[in-house]
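Architecture and fold: a report
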Amino acid sequence: MTDSYPGTPNGDYAPAPNGKANGSLPSQAPSTTGVSNVVRKKLMGYVGFANLPNQVHRKSVRKGFQFTAMVVGESGLGKSTLINTLFNTKLYPGKEVPAPSAERPKTVAIESISADIEENGVRLRLTVVDTPGFGDFVNNDDSWKPIVENIEARFDAYLEQENRVNRLKIVDNRVHACLYFIQPTGHSLKPIDIEFMRRLHTKVNLIPVIAKADTMTEEEIRDFKARILSDIAYHNIHIYEAPTYENEDEEALAEAEEIASKIPFAIVGSDNVVDTPDGRQVRGRAYPWGVIEVDNEDHCDFVKLRQMLIRTYMEELREHTNSVLYENWRSGKLLGMGIAQDPSVFQEINPAVRSQEERTLHEAKLAKMEAEMKLVFQQKVQEKESKLKQSEEELYARHREMKDALEKQRAELEDKKRRIESGRPLTPDQKNTKKKGFLRT
Ligand SMILES: Nc1nc2c(ncn2[C@@H]2O[C@H](COP(=O)(O)OP(=O)(O)OP(=O)(O)O)[C@@H](O)[C@H]2O)c(=O)[nH]1
Ligand SMILES: [Mg+2]
């Protein structure tokens with residue numbers, strides 16, 4: 001372990017033509033779980049973890065960040081190569097006499113490589129745990145065991161620190177992300193993959209990757225990705241799903257969608273610098289028909305994977321490890337020891353669920369108010385209606401009265417007319433009074 005974090009200026013790193021990293025200082029450091037190689041250097045170019053303070057509060061920034069990823073998968077899929085690609089270094093320089101083919105030796109024990117890196121004043125200790133590949137034995141049944149034990153040992157170490165009186169200097173060596181390497185077969189997942197992922201998914205954030213993606217065509221990769229995802233869903237395996245927040249800005253949403261759409265990441269690893277036909281020097285793999293570039297997003301998903309781990313979701317991965325995976329493991333362990341805890345105390349309040357509950361309550365209240373208002377309105381309408389009906393009836397009654405009166409007058413007049421016509425004279429007086437009477441009514 002080291003406390004010095006060399007301040008490397010941003011973006012000044014250029015890989016040496018021989019592919020070896022500049023200024024890497026491999027040194028051995030004690031570790032509970034295996035060998036730890038520490039390199040103090042910078043990742044290739046700008047990766048953007050200086051963005052982290054926007055995601056977390058001050059405390060973590062002061063302490064610096066600790067982030068641990070693990071690679072798991074069958075032997076020979078390029079796990080060690082990917083770690084070197086990530087750190088832009090040779091992992092085991094001079095450790096063994098290079099074979100004539102200069103092939104990377106098989107990883108035989110769980111090892112970790114760390115780098116203390118700094119970007120814009122933000123410090124990060126990045127550790128990647130390399131595991132020996134499995135699948136070489138006739139019986140591979142228990143090959144997941146040492147890996148799961150390693151993950152649990154890291155939980156144990158954390159729990160032990162939490163139980164200490166002085167909890168200020170807790171070192172978080174828990175595995176925050178586990179890259180699971182899938183052989184680029186183009187078929188479905190193998191039973192051993194399913195077994196492994198099942199053992200791992202409750203303990204780590206599982207991120208599946210397609211190894212050696214340069215061996216497949218674009219179309220094959222697309223189909224293979226879809227098949228892997230449906231296999232994973234069918235077997236109820238939980239891979240890490242990046243959360244999306246409602247009120248995020250468009251750019252962040254687009255980035256989250258872009259990353260999510262690439263899972264499982266199709267990756268290519270290489271720690272060699274090769275010449276492209278157009279004269280550039282790139283990290284990649286040279287073939288008779290061309291060069292595949294590791295850092296070219298059109299060629300593979302390596303850049304997106306690194307972006308997910310280090311820029312976009314590092315804090316989410318740490319948070320999920322701490323509050324879900326570790327908590328589940330911890331309460332399971334305590335239960336196993338006969339210590340039951342009151343779950344209500346530890347019940348997590350999920351803000352999304354909480355706000356949904358509040359919304360439902362509010363909606364119910366609104367609905368009730370609306371119903372009441374409707375009732376009042378109906379009552380008022382009814383009152384008005386009955387009043388109107390009453391006055392209508394009154395009017396109708398008056399109308400009938402008047403009609404009757406008129407009818408009566410008409411009958412009288414007709415009677416008079418008949419009398420006049422029949423020659424019975426009417427006295428002027430009689431006529432006048434009649435007329436007056438008529439006008440008066
Ligand atoms: N085509 C291709 N070959 C690769 C890639 N990554 C690594 N290799 C090669 O695959 C071989 C095995 O690579 P390693 O990185 O040692 O594989 P590993 O997964 O660490 O293997 P174990 O340590 O046995 O588990 C080496 O010859 C690498 O050069 C890749 O992306 N594409
Ligand atoms: Mg290896």
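Refer to the preceding data block for the structure.
Report follows, based on the coordinates. Note that the coordinates shown come from a computational prediction; the quantities given were computed from them, not determined experimentally.

The rules behind these values
Residues numbered from 1 in each chain as written. Chains lettered and ligands numbered in written order. Predicted model: local features only at pLDDT ≥ 70, side-chain atom pairs only at ≥ 80, totals over all residues. Heavy atoms only, no water. Helix = DSSP H or I, 4+ residues; strand = E, 2+ residues; numbered from the N terminus. Polar contact = N/O pair within 3.5 Å; in protein donor to acceptor, adjacent residues only side chain to side chain. Contact = heavy atoms within 4.5 Å. Buried < 20%, exposed > 50% of the residue type's maximum accessible area, 1.4 Å probe, protein only. Pairing = 2+ DSSP bridges. Axes fitted to C-alpha atoms, helices over the stretch in contact; angles between N-to-C directions. Salt bridge = Lys/Arg side-chain N within 4 Å of Asp/Glu carboxyl O.

Next up on the list: the side chain of R174. Note on placement: R174 falls in the loop between α3 (145-162) and β6 (177-182). In this structure the side chain of R174 is engaged in a polar contact, spanning 2.9 Å, whose partner is the side chain of N322. Apart from residues lying up to four places away in sequence, R174 is in contact with T68, R154, F155, Y158, T321, N322 and Y326.

Residue placement: E74 occurs in the loop between β3 (65-73) and α2 (79-87). Judged by its relative accessible area of 13%, E74 falls in the buried class. A distance of 2.7 Å separates polar atoms of two side chains, one belonging to E74 and the other to K190. Once residues within four sequence positions are removed from consideration, E74 is found in contact with K79, G133, F134, G135, F181, Q183, K190, I192 and D193.

Ordered in space as β9-β10-β11, the three strands form an open sheet in which the pairing is antiparallel. At either margin of the open sheet sits one strand with a lone partner, and together these are β9 (273-275) and β11 (290-293). Adjacent strand axes in the sheet meet at a mean angle of 65 degrees, parallel and antiparallel pairs treated alike.

Another point: the pattern of salt bridges. Inspection of every chain in the model, using the stated rule, returns 19 salt bridges. Here D156 and K333 are joined by a salt bridge, their closest N and O atoms 2.8 Å apart. With D156 in helix α3 and K333 in helix α8 (residues 314-336), this residue pair connects regions lying 177 residues apart in the sequence. With a relative accessible area of 29%, K333 lands in the partly exposed category. Here E195 and R199 are joined by a salt bridge, their closest N and O atoms 3.0 Å apart. With a gap of four residues between them, E195 and R199 both fall in helix α4 (residues 191-200), about one helical turn apart. Looking at E195, the relative accessible area reads 29%, which means it is partly exposed.

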